[in-house]
Amino acid sequence: MKDNIKLTEVYQDVFTRALELSENYPQQMVAATYMAIAMRLYRTSLAENEYARLMHYIMETDVKPFDLPTLH
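Residues numbered from 1 in each chain as written. Predicted model: local features only at pLDDT ≥ 70, side-chain atom pairs only at ≥ 80, totals over all residues. Heavy atoms only, no water.

1. Considerations on the packing of helix α2 (residues 27-45) against helix α3 (residues 48-60)
This is how the line gets drawn: The angle between two axes is taken between their N-to-C directions and runs from 0 to 180 degrees, where each axis is a line fitted to C-alpha atoms and a helix contributes only its stretch in contact. Helix numbers and strand numbers start at the N terminus; a helix is a DSSP run of H or I with at least 4 residues, a strand a run of E with at least 2. Roughly parallel means an angle under 35 degrees; roughly antiparallel means over 145; roughly perpendicular covers 65 to 115; every other angle is labelled oblique. Whether two residues touch is decided by their heavy atoms; if any such pair falls within 4.5 Å, the residues are in contact. Residue classes follow a fixed rule: Ala, Val, Leu, Ile, Met, Phe, Trp, Tyr, Cys and Pro count as nonpolar, while Asp, Glu, Lys and Arg count as charged, and any other residue, Gly among them, counts as polar.
Where α2 contacts α3, the axes come no closer than 8 Å and their chain directions differ by 150°. One finds that α2 runs roughly antiparallel with respect to α3. Residues Met39, Tyr42 and Arg43 of α2 form the contact with α3, whose participating residues are Glu48, Tyr51, Leu54 and Met55. Broken down by class, the residue content of the contact of α2 with α3 amounts to five nonpolar, no polar and two charged.

2. Quick notes on the packing of helix α1 (residues 3-22) against α2
Which entries qualify depends on this criterion: Here a crossing is taken to be left-handed if its near helix is turned anticlockwise relative to the far helix by less than a right angle, and right-handed if that turn runs clockwise.
Direction vectors running N to C along α1 and α2 enclose 145°, while the axes themselves pass 9 Å from each other. Our pair here, α1 against α2, has a crossing hand that is right-handed. Of the residues in α2, those touching α1 at Val14, Arg17, Ala18, Leu21 and Ser22 are Gln27, Val30 and Tyr34. In terms of residue class, the contact of α1 with α2 is built from five nonpolar, two polar and one charged.

Structural data, given as structure tokens:
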């Protein structure tokens with residue numbers, strides 16, 4: 001399976017799970033948990049300078065919110 005297809009699949013799986021968790025927990029709690037896990041994974045797999053560059057990139061990148069339908 002090509003990497004871009006794998007990436008799309010894992011993204012959809014993780015995003016779907018995040019939405020499910022958001023039904024029972026505050027979105028900020030879910031997001032913080034995913035961020036903590038992501039940072040640990042990156043810290044484990046990247047060299048020190050690569051990790052520092054990634055963290056800088058994350059801090060400097062503007063992110064738009066998801067346009068999700070409300071359930072009310």
